[in-house]
Amino acid sequence: MSRKKKKVLTIGVALVIFLVICTFISKSVYYFSLPKVTTTSPYAATFLSTATLTSGTATYKNIYKMEFDLPVPLEIEEVLVTKGDIISEGSVLARFDIESIEEQIIPLRKAVESAEIALLEFRRAFEAKIDTLRSQIPDSVVDSIYTVKAHRNGIIADMAYKEGDRVSAGSKLCSIADTSSLILSLYFSDAYQITPGMKAKVSIPSMMSVLDGDVIDVGNTSVVEGTYARLVTIRIKNPGTVQEGLQATATIGEYTPMNSSTLKYGEVHTLYSEVSGYLKSILHRENSTVGQGDTIMKIEVTGLDSAQKELDHLLTTGILNGRTENQLAQALDEAKSRLDVLEKLLVRPEIQSMGEGVVCSVYIEDGIPFSGGVLMDYAQEGSEQVLVFTGGDIYRVSREMPCAVTAVFNQQEFKMEGVVGTTRGGKAVVHIPDQKSFVANASEYSAEVILKSHTTKKAIPATAFITDDDVYVVKSRRGLFGIEYYLQLREVERDWYDSKNVEITSGLAFDDLVVVGWDREIYDGAIVDLVGS
């Protein structure tokens, strides 16, 4: 090849390269100057109609109250739990001030001592009153009639009253003499050596009989008719034919008495009235023989009604001077119980948990007096929680609507699923099943309640609309630099919409590219550069 031809070829190649470079630069400059748009095709979407609930407070559905009984107020030295703490059985909840316990124990000990004395005195007074009333109402009184009966066999020795006489309690009614033996008392010279147990021969002149007797008593020496003598008492077994009052004498061995005397019955028993009243009837007179248990007389008793009524009331109610033994015993038990509580607290001045769960609220504070009652509310850990909302679109929500709950805890948001419960009184209750204890301590709560949901097959992003009904779609054609893309303003019809998506009912096909974003002003027919979809 000649030099001239080589030169022409070199110039031609250089020119082609220059044209290519110019074309590339021109094309780059051209596309750089075009608006950059992003597109999407219509897609299926779900539209939600929601309501927002605000101003929420959290608690548990089933809350239990933890109580502690105290007999007297005590000062809380330190509270060891706060809302949200997890406690177990035996956990120490609070501590008492020791000095406040010691101050209260002294009067309680005195109260126990006083209650013991009061109970003992009541029992003594009650028994004494019962005995007094029963003494006024003998067992032998039936239908206001007091029957006097012989307590042994014998003879009525004397009768103190007659029928119709007024009889006083404690007065002598009559005597019953034991006729089985007779007594004879005679003076013998002090010079005789007479001792009890010696045998005697008793002579009864009027009956011309001699009976055997025994010396039962020898009196002291005394002067009788100027002679030293002793009174000797002789007991004679009555054969049943000898009566009291007959003259008799006796010899003891060779000793003879200084006198004779009258026979008396061996034992005489006096009957006394246990009641006051009127002698209604006498069934046995003086000197009549009676057997043990025989009725001697009857007395119509007066003044027993009030005593009987008082006794019945006392035994039925147990009330004496406005108090009962049970009341005093209960007061003593209560005083002992109160003292026992404080004495145990003195050894261990703590309040321990009787259950386990999550603390919902605490009602005691450091340094305050506590008189007993509710310490705190707690719920079992993991149990269902509820949120009570008082702000937002409460009027739009109803029972069993699902919702998404947001809780802010330690400046972090936690999402949970919930469901609406009751809605009344300007409040909406949202249930959150099986949540952790931190939920109850969140600083802020809100809920997005789903009112309605609608699913469509054709939707586009809300950012595609330039007016309420117009969007841009991308079309293609052949241009100077090959295939170029341009915009076409398209009117569409829409229905459901929310902040992100809009349902399209007509005006778009599934393969249409809809402009959803651009970097500068665009218009109908504008050529654009596609940068994403």
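The rules behind each value
Residues numbered from 1 in each chain as written. Predicted model: local features only at pLDDT ≥ 70, side-chain atom pairs only at ≥ 80, totals over all residues. Heavy atoms only, no water. Helix = DSSP H or I, 4+ residues; strand = E, 2+ residues; numbered from the N terminus. Rg over C-alpha atoms; globule rule 2.2 N^0.38 Å. Buried < 20%, exposed > 50% of the residue type's maximum accessible area, 1.4 Å probe, protein only. Contact = heavy atoms within 4.5 Å. Areas by Shrake-Rupley, 256 points an atom, 1.4 Å probe, with all protein chains shown as cover. Lys, Arg positive; Asp, Glu negative; His and termini not counted. Charge placed at Lys NZ, Arg CZ, Asp CG, Glu CD. Pairing = 2+ DSSP bridges. Salt bridge = Lys/Arg side-chain N within 4 Å of Asp/Glu carboxyl O. 1 Å grid on protein atoms, 1.4 Å probe; cavity = no way out; pocket = protein on both sides within 12 Å on 5 of 7 lines; lining within 4 Å. Points joined across faces, edges and corners; volume = space filled by probe spheres on them. Nonpolar A, V, L, I, M, F, W, Y, C, P; charged D, E, K, R; others polar. Phe/Tyr/Trp six-rings, centres within 6.5 Å; stacked < 30°, edge-to-face > 60°. Lys NZ or Arg CZ within 6 Å of the ring centre and 35° of its normal.

Peer 1: Outline the overall build of the protein chain, listing residues and values.
Peer 2: From N to C terminus, the protein chain includes four helices and 35 strands. Here the C-alpha atoms of the protein chain give a radius of gyration of 62 Å, more than 25% beyond the 24 Å that 2.2 N^0.38 yields for 533 residues. In terms of principal-axis extent, the alpha carbons of the protein chain reach across some 215 × 50 × 40 Å. Of all 533 residues assigned to the protein chain, the portion counted as buried reaches 38%. Contacts spanning at least 24 positions in sequence make up 74% of the contacts within the protein chain whose residues lie at least 6 apart. Accessible area for the protein chain stands at about 31000 Å²; split by element, carbon and sulfur atoms hold 50% of it. The distance from the centre of the 53 positive side-chain charges to the centre of the 71 negative ones in the protein chain is 11 Å.

Peer 1: Break down the sheet that holds strand S24 (residues 373-379) for me, citing the residues and quoting the values.
Peer 2: What the four strands build is an open sheet, ordered S3-S24-S22-S5; its pairing is antiparallel. Each edge of the sheet is formed by a strand with only one pairing partner; in this case those strands are strand S3 (64-68) and strand S5 (86-87). Alignment of S5 against strand S22 (residues 357-362), held across two bridges, turns out to be antiparallel. For Ile87, the partnering residue across the bridge sits in S22 and is Gly357.

Peer 1: Residues and numbers for the pattern of salt bridges, please.
Peer 2: Using the criterion set out here, one finds 19 salt bridges in the structure. Across the pair Asp158 and Lys172 runs a salt bridge, and its minimum N-O distance is 3.6 Å. Of this pair, Asp158 sits in strand S9 (residues 154-159) while Lys172 sits in strand S11 (residues 172-189), placing them 14 residues apart in sequence. Here Lys172 falls in the partly exposed class, since its relative accessible area comes to 34%. Glu350 serves as the salt-bridge partner of Arg348, at 3.1 Å between the closest nitrogen and oxygen. Within the structure, one salt-bridge network assembled from shared partners comprises Glu78, Arg95, Arg348 and Glu350.

Peer 1: So what's going on with the sheet that holds strand S20 (residues 295-301)? Residues and values would help.
Peer 2: Spatially, the five strands line up as an open sheet ordered S7-S8-S20-S18-S10, and their pairing is antiparallel. Edge positions in the sheet fall to strand S7 (141-142) and strand S10 (166-167), since each of these pairs with one other strand and no more. Pairing geometry for S10 and strand S18 (residues 277-282), over two bridges, is antiparallel. Each bridged residue has a counterpart across the sheet, and for Arg166 the counterpart in S18 is Tyr278.

Peer 1: Help me get a handle on the side chain of His431, residues and values and all.
Peer 2: Within the secondary structure layout, His431 lies in strand S28 (residues 427-432). Owing to a relative accessible area of 18%, His431 belongs among the buried residues under this scheme. Setting aside residues up to four positions removed in sequence, His431 forms contacts with Lys61, Glu384, Gln385, Val386, Glu417, Gly418, Val419 and Gly421.

Peer 1: For the layout of surface pockets, give the residues involved together with the corresponding values.
Peer 2: Volume-wise, the largest pocket comes out at about 170 Å³. Lining the largest pocket are Phe68, Asp69, Asp340, Val341, Lys344, Leu345, Arg348, Glu350 and Gln352. Contributions of two or more residues to the lining of the largest pocket are made by helix H4 (325-347) and strand S21 (350-352). Ranked by the residues each element gives to the lining of the largest pocket, the list is headed by H4, at four residues. The class makeup of the residues in the lining of the largest pocket is three nonpolar, one polar and five charged.

Peer 1: Quick one: what's the story with the packing of aromatic side chains, residue by residue and with numbers?
Peer 2: One pass over the structure, following the stated rule, counts four aromatic pairs. Centre to centre, the rings of Phe122 and Phe126 are 5.8 Å apart; their planes meet at 25°, and the pair counts as stacked. Taken as a pair, Phe122 and Phe126 lie in helix H2 (residues 98-135) at a separation of four residues, close to a single helical turn. With relative accessibility at 4%, the residue Phe122 sits in the buried group. The ring centre of Tyr486 lies 4.3 Å from the NZ or CZ of Arg477, which sits over that ring.

Purely geometric numbers; function is a separate question.
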